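The lines below spell out each chain.
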Amino acid sequence: MFPLEELMKRRRRLVVVAGLCLSFFLATWMSFLPAPPGLEPRAAGGGTARFYREKHARPAGDTGDSRLHVGETADPAGEPGTPVDPTGSLRELELQIRERYDEVLRYRHQLQARRPGHADPGRPLERRRLMDSEPGDGGDPARAQERPTGVPNGTSGGPGLSSGGSALGCGSLAAVTDVRYLGSGYTKAVHRAALNHSLSVALKSVDLAGHDMETCARRYGDTGACYRLSSFKIIKEMVLMETLQHPNVLKLYGYCYQDNGGIQETVTAITELGSPLEMISLLQTPWEQRLRICLSLVRLLSFLSRSPLGSLALLDFRPRQFVLVGGQLKVTDLDDASPLEAACSPRSAPQACTLQFPARNFTLPCSEGRCEDINEKRNLYNAYRFFFTYLLPHSAPSALRPLLDNIVNATGDLRWGVEKTLSKMEEVLHLYRTGSYLHSLNHSTTGYKEVLDSSIPGQEVRCWPSYQQDACLLAVFDLGEALSLCEDHAHCHALVFTNQTTWTGHQLVYLKSGWSGLRRAIGQLTFIRLAS
């Protein structure tokens, strides 16, 4: 029979886990509901990819230009289509390309204005090539695909890399191995690949069968111009990665421009590779790892609030826009980041300064013609609803829970800005890292036998959460905390201190149900509990 206190602890854990799993199950179930009209999932192998192959397939004996021309009939599904309007709809497409091009140039000019004298004279071609030529000529999207004078096929480079380091480019892509598809969104497809059988990277390119390409090609009938429109999202992301160099922003290793499959100037971004976030899995990880993720996120948001481009909002703020690299959270999708802040006036407020979310709305003050800190507040509330509320409080040390609850509640009400939130999170880290949360636990080792350079195979105890799925592997500040955990666990009769530490310096310790099979293990330390 388990002690009553142990049974109550287990019941509380089961209730917490069941509630969190139910919430994520409902969210997952809702994602399988039918999509709104126009957003239905695409069929594999269909859509734009087939449309592109059909329009570019050259009949036998035809040596002419196979590029799509204005006014051609185009329908991605292969059914009879409607001729494209050469003056109306294509002009609209050209304006969209121009807007995205101007946006990229605006970021570049802002960066140069904020960091004068930081231009790299060693790579003028790369700097010019990253921006590419101006889109179109006289409103003709077809001419927007023509190569700039003096830029060869296969242009590549690595903006942001330190001088002296070799940039990854088209030559690197020619030698990749173990290429695997990772996923895709509305615009981009992402693959992982190995360079020189050692460095793993992510390759981002325009998804030719993606929603954006398919919708554009169906509407305008010009695959080349539609590709260019989509490619500016990748170019924007490369510019932002180059500009926003920060430990919590994915690194840009390089890029490649080359002709591919009949489309001129296809662009591929070569970036750092991370692991996608799986929220269900994160709920089962130890609290210290979840603290690191939330702290990484707040540090990122603090940087974005005062970035070289001004205060940046992540307009598409979801867990899938982030990855884990070495346990640290990094933002990977920046194509929807924006420095624009809503304009307002005393007469337009409060409507102009209302932040709307599914659960609640917030009205911000209007200050000097702008909604005060609207980008920062948007990011912070999204961090609360997607991360803090799930990852911060659960299974945290009891002494830290009041402070963590205060952080969650204050960000959920937007009572704090990002800097105060960061200060409180750093305080939590300091208390945890220094062991101040333990209230001076001084457990005696009198009832234990210490065995140097030893370990116990098997004899596993189950606990949650644990650093190892099939064992009870916990992080402890010192021996006192380890002994306390063992004495609180009904089946713990031994402890094995490993020679491994976590990112906070805490030591990893196994809780064991017995000590039979004790064996020699250099660097490890075993404590055998002599009395129950």
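Look a little higher up for the structure.
Residues numbered from 1 in each chain as written. Predicted model: local features only at pLDDT ≥ 70, side-chain atom pairs only at ≥ 80, totals over all residues. Heavy atoms only, no water.

Undergrad: What am I meant to see in helix α12 (residues 418-433) here?
TA: Helical geometry note: an α-helix holds 3.6 residues per turn, so side chains three or four residues apart project in the same direction. For α12, with 16 residues, the first-to-last C-alpha span of 22 Å sits near the 22 Å given by 1.5 Å per residue. Of all the residues in α12, the buried ones are V418, T421, L422, M425, V428, L429 and Y432. One side of α12 carries all its buried residues, which in axial view fall inside an arc of 115 degrees. The secondary structure elements touched by the buried residues of α12 are α9 (287-304), α10 (374-391), α11 (401-412) and β17 (473-476). Of the residues flanking the end of α12, it is G435, one or two places downstream, whose phi is positive at about 75 degrees. (Helix = DSSP H or I, 4+ residues; strand = E, 2+ residues; numbered from the N terminus. Expected span 1.5 Å × (residues − 1). Buried < 20%, exposed > 50% of the residue type's maximum accessible area, 1.4 Å probe, protein only. Arc of directions from axis to C-beta. Contact = heavy atoms within 4.5 Å.)

Undergrad: For this particular structure, what's the right way to read the side chain of T187?
TA: Relative to the helices and strands, T187 is located in the loop between β2 (176-184) and β3 (188-195). For T187, the side chain forms a polar contact with the side chain of D212, separated by 2.3 Å. If sequence neighbours within four positions are ignored, T187 has contacts with S205, V206, D207, D212, S230 and K233. (Polar contact = N/O pair within 3.5 Å; in protein donor to acceptor, adjacent residues only side chain to side chain.)

Undergrad: Sorry if this is basic, but what is going on with the pattern of salt bridges here?
TA: Charged atoms that come close allow side chains of opposite charge to pair. According to the stated counting rule, one finds 19 salt bridges in the structure shown. In this structure, K188 engages D333 in a salt bridge whose closest nitrogen and oxygen atoms are separated by 3.9 Å. Residue K188 is found in strand β3, and its partner D333 is found in the loop between β10 (328-331) and β11 (337-338); the two are separated by 145 residues along the sequence. The salt bridge partner of K424 is E427, with a shortest N-O separation of 3.9 Å. Of this pair, K424 and E427 both sit in helix α12, 3 residues apart, roughly one helical turn. Classification of E427 as partly exposed rests on a relative accessible area of 34%. One network of salt bridges, in which partners are shared, links K188, K204, E237, D333 and D335. (Salt bridge = Lys/Arg side-chain N within 4 Å of Asp/Glu carboxyl O.)

Undergrad: What am I meant to see in the sheet that holds strand β9 (residues 322-325) here?
TA: Within a beta sheet, neighbouring strands are joined by backbone hydrogen bonds and run either parallel or antiparallel to one another. Pairing within the open sheet is antiparallel, and its 3 strands lie in the order β7-β9-β10. At either end of the open sheet lies a strand with only one pairing partner, and these are β7 (275-276) and β10. Here 4 bridges tie β9 to β10, and the two strands are oriented antiparallel to one another. Note that in β10 the partner of V323 across the bridge is K330. Across the face of the sheet, α9 comes into contact with β9 and β10 while running at roughly 40 degrees to β10. (Pairing = 2+ DSSP bridges. Axes fitted to C-alpha atoms, helices over the stretch in contact; angles between N-to-C directions.)

Undergrad: Looking at this structure, how should I read the packing of α10 against α11?
TA: Between two packed helices, what matters for the description is the angle formed by their axes and the separation of those axes. Axis separation between α10 and α11 bottoms out at 8 Å; the angle between their running directions is 140 degrees. Relative to α11, the element α10 lies oblique. In the crossing of α10 with α11, the sense of the turn from one axis to the other is left-handed. Contacts between α10 and α11 involve L380, Y381, Y384, F388 and T389 on the former and, on the latter, V408, T411 and G412. A class-by-class count of the residues in the contact of α10 with α11 yields 5 nonpolar, 3 polar and no charged. (Parallel < 35°, antiparallel > 145°, perpendicular 65-115°, else oblique. Left-handed = near helix turned anticlockwise from the far one by under 90°. Nonpolar A, V, L, I, M, F, W, Y, C, P; charged D, E, K, R; others polar.)

Undergrad: When you look at the state of the cysteines in this model, what are you seeing that I'm missing?
TA: A covalent bond bridging the sulfur atoms of two cysteines is what the word disulfide describes. For the coordinates displayed, the defined rule picks out 6 disulfides. At a sulfur-sulfur separation of 2.0 Å, the disulfide partner of C216 is C226. Given an S-S torsion of about -80 degrees, the disulfide between C216 and C226 has left-handed geometry. Placement of C216 in helix α6 (residues 211-220) and of C226 in helix α7 (residues 223-243) is noted, with a sequence separation of 10 residues between them. Looking at C226, the relative accessible area reads 0%, which means it is buried. The connectivity of the disulfide-linked cysteines in the protein, indexed sequentially, is 1-4, 2-3, 5-7, 6-8, 9-10, 11-12. (Disulfide = S-S within 2.5 Å.)

Undergrad: Where do I start with the environment of Y181 in this structure?
TA: Inspection of the secondary structure assignment puts Y181 in strand β2. Once the C-alpha coordinates of Y181 and R192 are considered, the two residues, 11 residues apart in sequence, prove to be 6.5 Å apart. Discounting chain neighbours no more than four positions away, the residues touching Y181 are V190 and H191. Side chain to side chain, Y181 and S184 meet in a polar contact 2.9 Å long.

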